[in-house]
Amino acid sequence: MSFTAKELKAFLQSVVDTVEENKDYLSELDRKLGDGDHGVTMSIGWQAVQEKLQGELHDEENCGKISITAGRTFLSAVGSTVGPLYATGFLRGGKEVQGKTELSGEDLYNFWNAFIEGIKERGQAEVGDKTMVDTLQPALGTLKLEYEKSGDFTGAFTKAVASAKEGMESTKDLLSKKGRSSRLGERSLGNQDPGATSSYLILSAFESVITSVQTV
Amino acid sequence: MKKLINNPNHVVEEMIDGYAKAHPQHVRVLSENSRSIVTARETADGKVGVLIGGGSGHEPAFMGYVGPGMADGVAVGNIFASPPPDPILEATKAIDKGAGVIYVYGNYAGDLMNFGMAAELAELEADIQVGKVIVTDDVASAPKEEKEKRRGIAGEFFVTKVAGAASEKGYSLEDVVRVANKANDQTRTMGVGLSPCSLPQTGKPSFELEENEMEIGLGHHGEPGIEKGDLQPADQVADRLVHDILADMPLGEGEKVAVLVNGLGSTTKMELYIVFRRVEQILNEKGIQIHRSFVGDYSTSLEMGGCSVTLIKLDDELTEFVDAPADCPMYVQR
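Analysis parameters
- Residues numbered from 1 in each chain as written.
- Chains lettered and ligands numbered in written order.
- Predicted model: local features only at pLDDT ≥ 70, side-chain atom pairs only at ≥ 80, totals over all residues.
- Heavy atoms only, no water.
- UniProt positions renumbered as here; feature names shortened; annotations may be inferred.
- Buried < 20%, exposed > 50% of the residue type's maximum accessible area, 1.4 Å probe, protein only.
- Helix = DSSP H or I, 4+ residues; strand = E, 2+ residues; numbered from the N terminus.
- Pairing = 2+ DSSP bridges.
- Axes fitted to C-alpha atoms, helices over the stretch in contact; angles between N-to-C directions.
- Phe/Tyr/Trp six-rings, centres within 6.5 Å; stacked < 30°, edge-to-face > 60°.

As recorded in an unreviewed UniProt entry, chain B goes by the name Dihydroxyacetone kinase subunit DhaK, listed as coming from Fictibacillus marinisediminis.

Going by the annotation in an unreviewed UniProt entry, the name recorded for chain A is phosphoenolpyruvate--glycerone phosphotransferase, with Fictibacillus marinisediminis given as the source organism. Within the UniProt record for chain A, the comment given under Catalytic activity (unreviewed entry) is "dihydroxyacetone + phosphoenolpyruvate = dihydroxyacetone phosphate + pyruvate". According to the UniProt record, the Pathway (unreviewed entry) comment for chain A is "Polyol metabolism; glycerol degradation."

Here it is in structure tokens:
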């Protein structure tokens, strides 16, 4: 088992890079539904996290501290709607792995469980509302099912990301019910939700890191 | 879109820096958080603190409304984005005079979460009592039976004004919350967008409109409205806006209102006064008395074109607070 603080930081760095690459794409999706700043907001937040990765967190080995610092940093940099949502994910996930320098498959399973449940609780959205929950909930459902069946976290997470992708794509056919875009009614149809998209990007970034290390 | 800026990523910091340096008699930025701006004056012990805030891009809202008779502090977010809990919390600590602090903010998911988290922290960490008033004046944003889902737009000006004046008068936190909620209940806004705005970071228009189109029931972050329509002359636009407000909040003959005709950023005063002229005619015909009028940019959306009309129905208590003086960097009333 070799998912250590180093890999957790590699995951966060991978989110930083992915968000930068997809900044314009996320803003473009948001222009159709909202005020067009989702990519910008994500970028501001993750650039702030990157600064921490290069500074305060450079030699940090406590996985809980790393995740909690990332969450707090993101929140302080962006506010907005996504700030409290993603921050809650990282704070709750971080709490699950507090004090640990190396994470087992079960730790990672607990991390993502708490991450997704935290976001759901903070945002009070349901599947079908056309939000990040449409990506996160199917991912969690698959993760639970597969992990309990096999005990193989990496395999379960890979399947969870496939469910996340379907969930993300399903938002194209949904009417917005939450947030600013809920006023659009039928005009929200046909457009993929930017929050569901950024959630998918975060999960796939984690998948890339987890599949590149040896886990049990 | 051409903008007079330096680095798009630094627009909020540079705006705050310029604002604080231009108005040192009125405001100061807290050393604890560069997004927390508070009044420069020493407020009286026992005065309820009034804290407002929201995204940047709505100037003079919200930071322009710090001063006697209005807000004591403001938390400044990124463009069109709620401020995080930190600057809200620091401003809360700075303006608390032992009587608690009232938060007045719009009904947006981000503001609800961030101000909500800040209120919890203020009570936990600093033992400051916080009252929350959530503004829901935009009639276009949800039907009447779902008023609690409606957004706060230009009507936030009246709710802040009432809260500020009531706190200045020495009302308790409970009473400031009560009158601010009453002001919100009696306030309705309806707007139209004629041209989009663009975020400094992307430079792209927030929505697309043909030359002969308008967005009815605008979103004041540049999000699309409830329907697109053919561009109409000012009188017809004013008719539609006032009609939708009165359909939602009936006003009878002899009742009294204050009117706000608000520009969205790039609308000229000429246009706003032409709209006001028609609003006055309609209300006059119905025997509704205009007690006081406000015409200008009170809550903008960067350089969006168009306007909104807000009516607040007045009783004696609200009249007193709407009439009360205020002295802010971007708004003065004698």
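## Some thoughts on the pairing of strand S10 (residues 256-263) of chain B
In summary, the side chains of a regular strand alternate between the two faces of the sheet. All names here are of chain B. With eight of eight residues buried, S10 is to be regarded as a mostly interior element. Residues Lys-256, Ala-258, Leu-260 and Asn-262 line one face of S10 and the alternating positions Val-257, Val-259, Val-261 and Gly-263 line the opposite face, and both faces are buried. With seven bridges joining them, S10 and strand S11 (residues 289-296) adopt parallel strand pairing. Along S11, the bridge assignment pairs Asn-262 with Gly-296. Taken together, the seven bridges between S10 and strand S12 (residues 305-313) define a ladder with antiparallel strand orientation. Residue pairing in the sheet places Leu-260 in a bridge with Thr-310 of S12.

## Quick notes on the sheet that holds strand S2 (residues 36-39) of chain B
Residues and elements named next belong to chain B. Taken in spatial order, the six strands line up as S1-S2-S4-S3-S5-S6 in an open sheet, and their pairing is mixed. Two strands bound the open sheet, and with one partner strand each, they are strand S1 (27-29) and strand S6 (130-135). Along the sheet, successive strands turn relative to each other by an average axial angle of 25°, direction set aside. Pairing geometry for strand S3 (residues 49-56) and strand S4 (residues 73-79), over five bridges, is parallel. Residue pairing for S4: Ser-56 is matched across the bridge by Ile-79.

## A short note on the packing of aromatic side chains
All names here are of chain A. Enumeration over the complete set of coordinates arrives at 29 aromatic pairs over all chains. Ring geometry for Trp-46 and Phe-74: centres 5.8 Å apart, planes at 50°, overall tilted. Of this pair, Trp-46 sits in helix H2 (residues 38-54) while Phe-74 sits in helix H3 (residues 63-78), placing them 28 residues apart in sequence. Using a relative accessible area of 1% as the deciding quantity, one classes Trp-46 as buried. For the ring pair Phe-153 and Phe-206, a centre distance of 6.4 Å and an interplane angle of 80° mean the geometry is edge-to-face. Taken together, the residues Phe-153 in helix H7 (residues 153-170) and Phe-206 in helix H8 (residues 194-212) connect sequence positions 53 residues apart. The burial state of Phe-153 is the same as that of Phe-206; both residues are buried.

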